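# Summary of the model geometry
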Amino acid sequence: MSNPLLEITNVPQFDRIKPEHFVEAISTLVAETKKISDEVAKIENPTWENFYRPQEHISDKLSRAFAPISHLNAVMNSDEIRTAYQQILPMLSDLDTFVGQHQGLYEGFKKLKESQKYQSYTQEQKKAIENALRDFTLSGIALNSEDQKRFGEISSRLSELSSKFNNNVLDATGAFELIIENIDELKGLPQSAIDAATLSAKTKGKEGYRFTLDYPSYLPAMLYCENETIRETLYKAFSTRASDCYEVGKEWDNTEIINEILELRLEKAQLLGMKNYAELSIAPKMAQSTEQVVNFLENLTAQSKAQGNKEIQELYDFALKHYGKEKLNPWDIAFYSEKQKEALYSINDEALRAYFPEPRVVAGLFELVNRLYGVTIEKDESVATWHKDVKFYKIFDKDGKHKASFYMDLYAREHKRGGAWMAGCVTKRVDEQGNDIIPVAFLTCNFNGPVGDNPALFTHSEVTTLFHEFGHGMHHMMTEVKVAALSGIAGVPWDAVELPSQFMENWCWEADALEFISGHFETNEPLSKDMLDKMLKAKNYQAAMFVLRQLEFGLFDFRLHLAKPHKNIVMETLGQVKKDVAVVPSPDYIRTPHSFGHIFAGGYAAGYYSYLWAEVLSADAFSKFEEDGIFNRETGLSFLKNILSKGGSDEPSTLFKNFRGREASLNALLRHKGIA
Ligand code: ZN
């Protein structure tokens, strides 16, 4: 039988791909990549055509095979998939090292840059070559052979540790359940959450109501369940997952893994002659120095702290006055905040769900990108997916040309990693024959699915999440870049990559957009003007506390990677950051770093600050629409032309300036958050 992962098709053949194909496909392609690397490295006079092209081609084949594998591992996790996935990770990490340490390739790139032809290349081509040279340096190519060997060992061990970290979080999360037998204990909980808890118990063959640490189960309980013990139990489990304090079990403790990761990251940075890992992390980013990042975070903390303190004091006063609560515990904050929000704005996030049925929201999203960029989106049911709930769509430009496709997988289910994300499936480029490769994206969320005959009903924050991920998707899909290494989100510095996504969230807060994004699932009536006004007022409720929470994560991450690792560095750094930033005290048992996958198992190490950094850019970009009209097609097309379509083909600060006509300013962000 042929291996579907080795066939080049427009979209992966999800009806044929099985775990037994993974290892064969990846090992074949890894071997082929190595062979091609060796061959082109021997070329006397490297050119784009004879040197760069063959590498791009095989790299594309490999990423097209790996994308569906990595995706299935995330959304359809099983023992077979996980085992096969674990087998291929070391192969890929080995290949990274092989290519990164390939002296001949490095020399080839240097020759290419020094060649006469280089001057005639496009800016994209030049940038791709320069980036490759930079990455070679960062992958230790200039090291002596002994250090190079150590560098390789570190990289492969780090990728193993990340994977273990992730599995521990996944397993620890899955090991927890809270079964409540008596419905009286669930007072305050909305019907949708009770239904979901009933269904969850039933699928486990149990009586009663089952709560887990997955967001759709955890969050409503924290917001609405009047029973304080239930909230405390969930809070404690959630914030100690995969740590030494997790009462469900210690076998998933990530403490040692984190310490080893920090040691190895520092060693890696030092091998490259850098002082710490933070310095290495920002080398390819938009930020110019570690000081600049620290100043940015501390400056924003200073600007937000006073208002954060005011917001929490107002909550304490409210809880005392209306509920006689003398002291609020951490598991009370969300609960009383929800009450205060209701009292202040009579808004109930759960009640708003009725106005955000999936069909309306999705159609509204598509309407928005049509207004802004002139694109249309159509469902294609002929394409095979990995689950019956997944939908497949095609994007056409204003002339009816098929530009891109994407899968949308919106509902939470077992064996699917939590959270929401966009991932590339096929990357846009122009192939050897000059044909456009049509990009494909995976859009993944974890919302509650439909219950009974009703459509899935989203909270407003879920709607915002969907728009956010779709923004990443547009960046990946609407690119006009011809070189894969710079196409879509590829080659975009991490601290600028959240610009197009956070940018999209803005429309979820605009009355004129909500008119067609929202509509009651029974009557199709849009959100009333009155409700809308309240929502908009509620938008900045605890805005400073939210920014401070992000700053807490960002500063923790950055300081941790500036520091010298030792046994207690994680808890020490966390303690100090909480002291500097947090306005809500937290118990000593808190172990949030132990499930902080962004920085220990994702790409955000010493890079979590990127969210706020990019939010400055996205708020400022949106303010151009506030000036010109939020559906202004001309401004939309300018954003498409100057930012979305450009991918990583130029410096983000340049792209931003081309769109905005000036450098980014902090003002729009502070104004949007009501902090100014
Ligand atoms: Zn994002």
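Just so it is clear, the structure is predicted and the values come from calculations on it, not from any experiment.

### Section: the packing of aromatic side chains
Across all of its chains, the model carries 52 aromatic pairs by this definition. Three or more aromatic residues link up through ring pairs in this structure, and these residues are Trp48, Phe51, Tyr52, Tyr106, Phe109, Tyr118, Tyr121 and Phe136. Directly above the ring of tyrosine 277 sits arginine 265, whose terminal nitrogen or CZ lies 5.4 Å from the centroid.

### Describing helix 24 (residues 633-642)
All of the buried residues along helix 24 are Thr635, Gly636, Phe639, Leu640 and Asn642. Against the buried residues of helix 24 lie helix 15 (358-373), helix 17 (499-505), helix 23 (610-628) and helix 25 (652-660).

### Observations regarding the nonpolar core
Counting 161 residues, the largest nonpolar core has Phe211, Leu234, Phe356, Tyr373, Phe406 and Phe470 as the members making the most contacts within it. Setting aside its immediate chain neighbours within four residues, leucine 234 contacts Phe176, Leu178, Phe211, Thr212, Leu213, Tyr218, Ala221 and Met222.

### With respect to helix 7 (residues 191-203)
With 13 residues, helix 7 should reach 18 Å at 1.5 Å per residue; the first-to-last C-alpha distance of 18 Å fits that figure. Turning to helix 7, the residues buried within the fold contact strand 2 (209-211) and helix 8 (215-224).

### Brief notes about the environment of asparagine 45
Here asparagine 45 shows up in the loop between helix 1 (19-41) and helix 2 (48-75). The exposed category is assigned to asparagine 45, whose relative accessible area is 59%. Residues asparagine 45 and serine 115, 70 residues apart in the sequence, show an inter-C-alpha distance of 8.1 Å.

### Overview of the pairing of strand 5 (residues 402-411)
Of all ten residues in strand 5, nine are buried, a share of seventy percent or more. Direction of pairing for strand 4 (residues 391-396) relative to strand 5: antiparallel, over a ladder of six bridges. Its bridge partner being in strand 5, phenylalanine 392 is matched across the sheet by tyrosine 407. Where strand 4 hands over to strand 5, the hairpin turn is made up of five residues, of which glycine 400 adopts a positive phi near 80°. Sheet topology places strand 5 next to strand 9 (residues 440-447); six bridges connect them, and they run parallel. For phenylalanine 406, the partnering residue across the bridge sits in strand 9 and is alanine 441.

### Observations regarding the packing of helix 15 against helix 24
At a closest axis distance of 6 Å, the pairing of helix 15 and helix 24 adopts a crossing angle of 90°. With respect to helix 24, the element helix 15 is oriented roughly perpendicular. Contact residues: helix 15 offers Asn370, Arg371, Leu372 and Tyr373, while helix 24 offers Arg633, Gly636, Leu637, Phe639 and Leu640. A breakdown of the residues in the contact of helix 15 with helix 24 according to their chemical character gives five nonpolar, two polar and two charged.

### Concerning empty space enclosed by the protein
Enumeration over the complete set of coordinates arrives at four cavities of 30 Å³ or more. One number sums up the size of the largest cavity: a volume of about 140 Å³. If you trace the largest cavity, you find 17 residues lining it, with Leu5, Glu7, Thr9, Arg64 and Ala65 closest to the centre. Where the lining of the largest cavity is concerned, the elements lending two or more residues are helix 2 and strand 6 (421-426). Per-element tally for the lining of the largest cavity: the top contributor is helix 2, with four residues.

### Re the sheet that holds strand 5
Pairing in this open sheet of five strands is mixed, and the strands run 3-4-5-9-6 from one edge to the other. Strands at the two margins of the open sheet, each flanked by one partner only, are strand 3 (376-379) and strand 6. Neighbouring strand axes in the sheet, compared pairwise and without regard to direction, differ in orientation by 25° on average. Along the sheet, helix 2 makes contact with strand 5, strand 6 and strand 9, crossing strand 6 at roughly 145°.

### Notes on the packing of helix 23 against helix 25
Where helix 23 contacts helix 25, the axes come no closer than 11 Å and their chain directions differ by 15°. On the basis of the axis angle, helix 23 is roughly parallel to helix 25. Remark: the crossing between helix 23 and helix 25 carries left-handed chirality. Across from Leu617, Asp620, Ala621, Ser623, Lys624, Phe625 and Glu627 in helix 23, the residues of helix 25 making contact are Phe656, Phe659 and Arg660. A per-class count over the contact of helix 23 with helix 25 returns five nonpolar, one polar and four charged.

### Focus: the pattern of salt bridges
Pairs can form between side chains of opposite charge once their charged atoms are near each other. Within this structure, the stated rule accounts for 53 salt bridges. Residues lysine 34 and aspartate 94 are paired through a salt bridge, measuring 2.8 Å at the closest nitrogen-oxygen approach. Residue lysine 34 is found in helix 1, and its partner aspartate 94 is found in helix 3 (residues 79-100); the two are separated by 60 residues along the sequence. Lysine 34 sits in the partly exposed class, given a relative accessible area of 23%. Classification of aspartate 94 as partly exposed rests on a relative accessible area of 38%. Taken together, the shared-partner salt bridges in this structure form one network comprising Glu49, Arg53, Glu56, Asp60, Arg64, Arg429 and Glu432.

### Comments concerning the coordination of the zinc ion
Note on metal geometry: ideal angles are 109.5 degrees for four donors arranged tetrahedrally and 90 or 180 degrees for six donors arranged octahedrally. Taken together, His468 (NE2), His472 (NE2), Glu498 (OE) and Glu498 (OE) make up the full set of protein donors to the zinc ion, lying 2.1 to 2.7 Å away. Considering all four donor atoms around the zinc ion, angles at the metal cover 52 to 141° and the coordination shape is irregular. Along the chain, the residues donating to the zinc ion fall in the pattern H-x3-H-x25-E. A residue pair is termed long-range when its members are at least 10 positions apart, and histidine 468 in helix 16 (residues 460-477) and glutamate 498 in the loop between helix 16 and helix 17 qualify at 30 residues. Taking relative accessible area as the criterion, glutamate 498 reaches 3% and is therefore assigned buried.

### A few points about unusual backbone geometry
For residues that are not glycine, phi is negative in most cases, and the peptide bond is trans in most cases. Phi at alanine 242 is positive, roughly 55°, even though this residue is not glycine. Mapped onto the elements, alanine 242 comes out in the loop between helix 9 (228-240) and helix 10 (255-271).

### Structural notes on a negative patch on the surface
Taken together, the side chains of Glu181, Asp184, Glu185 and Glu207 define an acidic patch exposed on the protein surface. Along the chain, the position of glutamate 207 falls in the loop between helix 7 and strand 2.

Conventions we followed
- Residues numbered from 1 in each chain as written.
- Predicted model: local features only at pLDDT ≥ 70, side-chain atom pairs only at ≥ 80, totals over all residues.
- Heavy atoms only, no water.
- Phe/Tyr/Trp six-rings, centres within 6.5 Å; stacked < 30°, edge-to-face > 60°.
- Lys NZ or Arg CZ within 6 Å of the ring centre and 35° of its normal.
- Buried < 20%, exposed > 50% of the residue type's maximum accessible area, 1.4 Å probe, protein only.
- Helix = DSSP H or I, 4+ residues; strand = E, 2+ residues; numbered from the N terminus.
- Contact = heavy atoms within 4.5 Å.
- Core = buried A, V, L, I, M, F, W, Y, C linked by side-chain atoms within 4.5 Å.
- Expected span 1.5 Å × (residues − 1).
- Pairing = 2+ DSSP bridges.
- Axes fitted to C-alpha atoms, helices over the stretch in contact; angles between N-to-C directions.
- Parallel < 35°, antiparallel > 145°, perpendicular 65-115°, else oblique.
- Nonpolar A, V, L, I, M, F, W, Y, C, P; charged D, E, K, R; others polar.
- 1 Å grid on protein atoms, 1.4 Å probe; cavity = no way out; pocket = protein on both sides within 12 Å on 5 of 7 lines; lining within 4 Å.
- Points joined across faces, edges and corners; volume = space filled by probe spheres on them.
- Left-handed = near helix turned anticlockwise from the far one by under 90°.
- Salt bridge = Lys/Arg side-chain N within 4 Å of Asp/Glu carboxyl O.
- Donors = N, O, S within 2.8 Å, 3.2 Å for Na, K, Ca; no water.
- Tetrahedral: all angles 85-135°; square planar, octahedral: opposite > 155°, others 65-115°.
- Patch = residues over 30% accessible without salt bridge, like charges linked within 9 Å, V, L, I, M, F, W, Y side chains within 5 Å.
- Areas by Shrake-Rupley, 256 points an atom, 1.4 Å probe, with all protein chains shown as cover.
- Lys, Arg positive; Asp, Glu negative; His and termini not counted.
- Charge placed at Lys NZ, Arg CZ, Asp CG, Glu CD.

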